[in-house]
Amino acid sequence: MDSSAYKRQVAGVFDDSAARYDRTGVEFFTPMGRRLVELAAPVAGERVLDVGCGRGASLFPAAELVGPRGHALGIDLAPAMVEEVGKEIAARGLSQVEARVMDAENPELPAGAFDVLLGGYSIIFLPDAPGALSRYTELLADGGRIAFTSPVFRAGTFPFLPPEFTPLIPSSLLEHLPPEWQPEALVRRFNSWLEDAGDLAATLERAGYREVRVLDEPVRMTAESPERWVEWSHTQGMRLLWQNLPAPQREDLRERLTEGLDRLRGGSGPVVIEVPVRFVTARVARG
Ligand SMILES: C[S@@+](CC[C@H](N)C(=O)[O-])C[C@H]1O[C@@H](n2cnc3c(N)ncnc32)[C@H](O)[C@@H]1O
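Residues numbered from 1 in each chain as written. Predicted model: local features only at pLDDT ≥ 70, side-chain atom pairs only at ≥ 80, totals over all residues. Heavy atoms only, no water.

1. A word on the overall build of the chain
Logical step 1: Assigned secondary structure in the chain consists of 10 helices and 8 strands.
Logical step 2: Its C-alpha atoms give the chain a radius of gyration of 19 Å, near enough to 19 Å, the size a compact globule of 287 residues would have.
Logical step 3: Dimensions of the chain, computed from the C-alpha atoms along their principal axes, are close to 55 × 40 × 35 Å.
Logical step 4: Within the chain, contacts between residues at least 6 apart in sequence are counted, and of these 80% link residues at least 24 apart.
Logical step 5: Only carbon and sulfur atoms are counted for the fraction: they give 51% of the accessible area of the chain, which is about 12,100 Å².
Logical step 6: Distance between charge centres in the chain, computed from 31 positive and 41 negative side chains, equals 3 Å. (Helix = DSSP H or I, 4+ residues; strand = E, 2+ residues; numbered from the N terminus. Rg over C-alpha atoms; globule rule 2.2 N^0.38 Å. Contact = heavy atoms within 4.5 Å. Areas by Shrake-Rupley, 256 points an atom, 1.4 Å probe, with all protein chains shown as cover. Lys, Arg positive; Asp, Glu negative; His and termini not counted. Charge placed at Lys NZ, Arg CZ, Asp CG, Glu CD.)

Shown next as structure tokens:
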């Protein structure tokens, strides 16, 4: 699949899920976004670019910190995500936030226009992420900061999900995923530069950054119930699996996940899972 067909597929998944994304009784992207912003630490008056902003899990906390004298721009390939962010901006009455439909792989934005660049679980969707990271140094002012998160991709585990889900999703179902989303393909694609902290630092240094820090820190995912988690899984990357499964397998997977998560929570109360997340921060070497 060429890169534009792949991007149409990604944008389609997030467009379809935008209305419910991060609003289905599962806390994950919001706490991850807040933590990412805490690490990037934008201050009053700074200019922030959030690439692949989704519903604004990082964008809105960043906008709060930069305040009305600063600026926070979110870009996303999925128009429905941008529309949802627009509604939220209006509802909150914020003047310093803006969202635009734009490809984060090669954003058409002025050089040196940002002090901080954020990417919450988004840079990993770019076909050539190391190339994009290099272009981001041009968008950042001298000494500007970048902060992004990534899931941990492990051979033998279901992509994007913590290990608790590996026994709940039969590997036979994975053949229904498009070839570029097969776990082995993802592990090959991302682990070549993301898995080893040393390789990751080397990639960022080659791209024009210094002071690379890699922090592996779990984010607590809390689902009100197993059913809510299953609903949530239709609003992120796993939607691709749901979409491609024949109806009987879909029903079977729904039951397996609901029962498995019920066991995990001990039969009542919320489902709480510590999700391993990699937080990466660095500074533009120039300046
Ligand atoms: C898992 S979501 C994360 C959203 C948000 N950062 C958060 O933390 O909730 C990934 C987002 O990246 C966007 N995305 C994927 N590829 C993109 C690209 N090439 N350019 C811009 N956005 C992209 C998707 O549309 C989606 O909104």
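The discussion continues.
2. What about the packing of aromatic side chains?
Logical step 1: For the structure on display, the rule yields 12 aromatic pairs.
Logical step 2: Ring centres of phenylalanine 28 and tryptophan 232 lie 6.2 Å apart, and the angle between their planes is 85 degrees; on these two criteria the pair is classed as edge-to-face. Of the two residues, phenylalanine 28 sits in the loop between β1 (26-27) and α2 (29-40) while tryptophan 232 sits in helix α8 (residues 226-233), which places them 204 residues apart along the sequence.
Logical step 3: By relative accessible area, phenylalanine 28 is classed as buried at 2%.
Logical step 4: Using a relative accessible area of 2% as the deciding quantity, one classes tryptophan 232 as buried.
Logical step 5: Taken together, the ring pairs connect Tyr6, Phe14, Tyr21, Phe28, Phe29, Tyr121, Phe125, Phe165, Trp181, Trp229 and Trp232 into an aromatic cluster.
Logical step 6: Over the aromatic face of phenylalanine 60 sits the side chain of arginine 92, whose NZ or CZ is 4.3 Å from the ring centroid.
Logical step 7: Its end group placed over the ring of tryptophan 242, arginine 254 keeps NZ or CZ at 5.8 Å from the ring centre. (Phe/Tyr/Trp six-rings, centres within 6.5 Å; stacked < 30°, edge-to-face > 60°. Buried < 20%, exposed > 50% of the residue type's maximum accessible area, 1.4 Å probe, protein only. Lys NZ or Arg CZ within 6 Å of the ring centre and 35° of its normal.)

3. What to know about the sheet that holds strand β2 (residues 47-51)
Logical step 1: Strands sit in the order β1-β7-β8-β6-β5-β2-β3-β4 across an open sheet of 8 strands; the sheet is mixed. Of all strands in the sheet, those bounded by a partner on one side alone are β1 and β4 (97-101).
Logical step 2: Where strand β5 (residues 114-119) meets strand β6 (residues 140-151), 5 bridges bridge the pair, whose relative direction is parallel. Paired with phenylalanine 114 across the two strands is leucine 140, which belongs to β6. (Pairing = 2+ DSSP bridges.)

4. Some thoughts on the pattern of salt bridges
Logical step 1: Enumeration over the complete set of coordinates arrives at 23 salt bridges.
Logical step 2: For arginine 23, the salt bridge identified is with aspartate 22, shortest N-O distance 3.8 Å.
Logical step 3: Taking the shortest distance from any N to any O, the salt bridge between glutamate 84 and arginine 55 comes out at 3.7 Å. Here the residue glutamate 84 occupies a position in helix α4 (residues 79-92), and arginine 55 occupies one in the loop between β2 and α3 (59-66), the gap between them amounting to 29 residues. (Salt bridge = Lys/Arg side-chain N within 4 Å of Asp/Glu carboxyl O.)

5. What to know about the pairing of strand β3 (residues 71-76)
Logical step 1: A large share of β3 lies buried, amounting to 5 of its 6 residues.
Logical step 2: Relative to β4, β3 is paired through 5 bridges, and the arrangement is parallel. Opposite aspartate 76, over in β4, you have valine 101 as the bridge partner.
Logical step 3: Handedness of the crossover joining β3 and β4 through α4: right-handed. (Right-handed = clockwise from strand over helix to strand, strands pointing away.)

6. Some words on the pairing of strand β7 (residues 209-223)
Along a regular strand, successive side chains alternate from one face of the sheet to the other.
Logical step 1: Both β1 and β7 contribute to a ladder of 2 bridges, which runs antiparallel. Each bridged residue has a counterpart across the sheet, and for valine 26 the counterpart in β7 is alanine 223.

7. Points about the site of the ligand
Logical step 1: As a matter of local geometry, the ligand sits amid 20 residues, with Gly52, Asp76, Asp103, Ala104 and Gly120 nearest to it.
Logical step 2: In this structure, leucine 77 approaches the ligand through a main-chain N or O atom, which is 3.1 Å from a nitrogen atom.
Logical step 3: Interatomic distance of 2.9 Å between a side-chain N/O atom of aspartate 103 and a nitrogen atom of the ligand.
Logical step 4: In isolation the ligand offers 600 Å² of accessible surface; the protein chains occlude 99% of this area.
Logical step 5: Of the residues belonging to the shell around the ligand, the class tally is 14 nonpolar, 4 polar and 2 charged. (Near = heavy atom within 4 Å. Polar contact = N/O pair within 3.5 Å; in protein donor to acceptor, adjacent residues only side chain to side chain. Nonpolar A, V, L, I, M, F, W, Y, C, P; charged D, E, K, R; others polar.)

8. Remarks on the side chain of arginine 55
Logical step 1: Among the residues examined, arginine 55 registers a relative accessible area of 9% and is labelled buried.
Logical step 2: Within the structure, arginine 55 has its side chain in polar contact with the backbone oxygen of alanine 18 (distance 2.8 Å).
Logical step 3: Among the polar contacts made by the side chain of arginine 55, one reaches the main-chain carbonyl oxygen of alanine 19 at a distance of 3.1 Å.
Logical step 4: When neighbours within four sequence positions are excluded, arginine 55 is seen to be in contact with Ala18, Ala19, Arg20, Tyr21, Arg23, Phe60, Met81, Glu84 and Val85.

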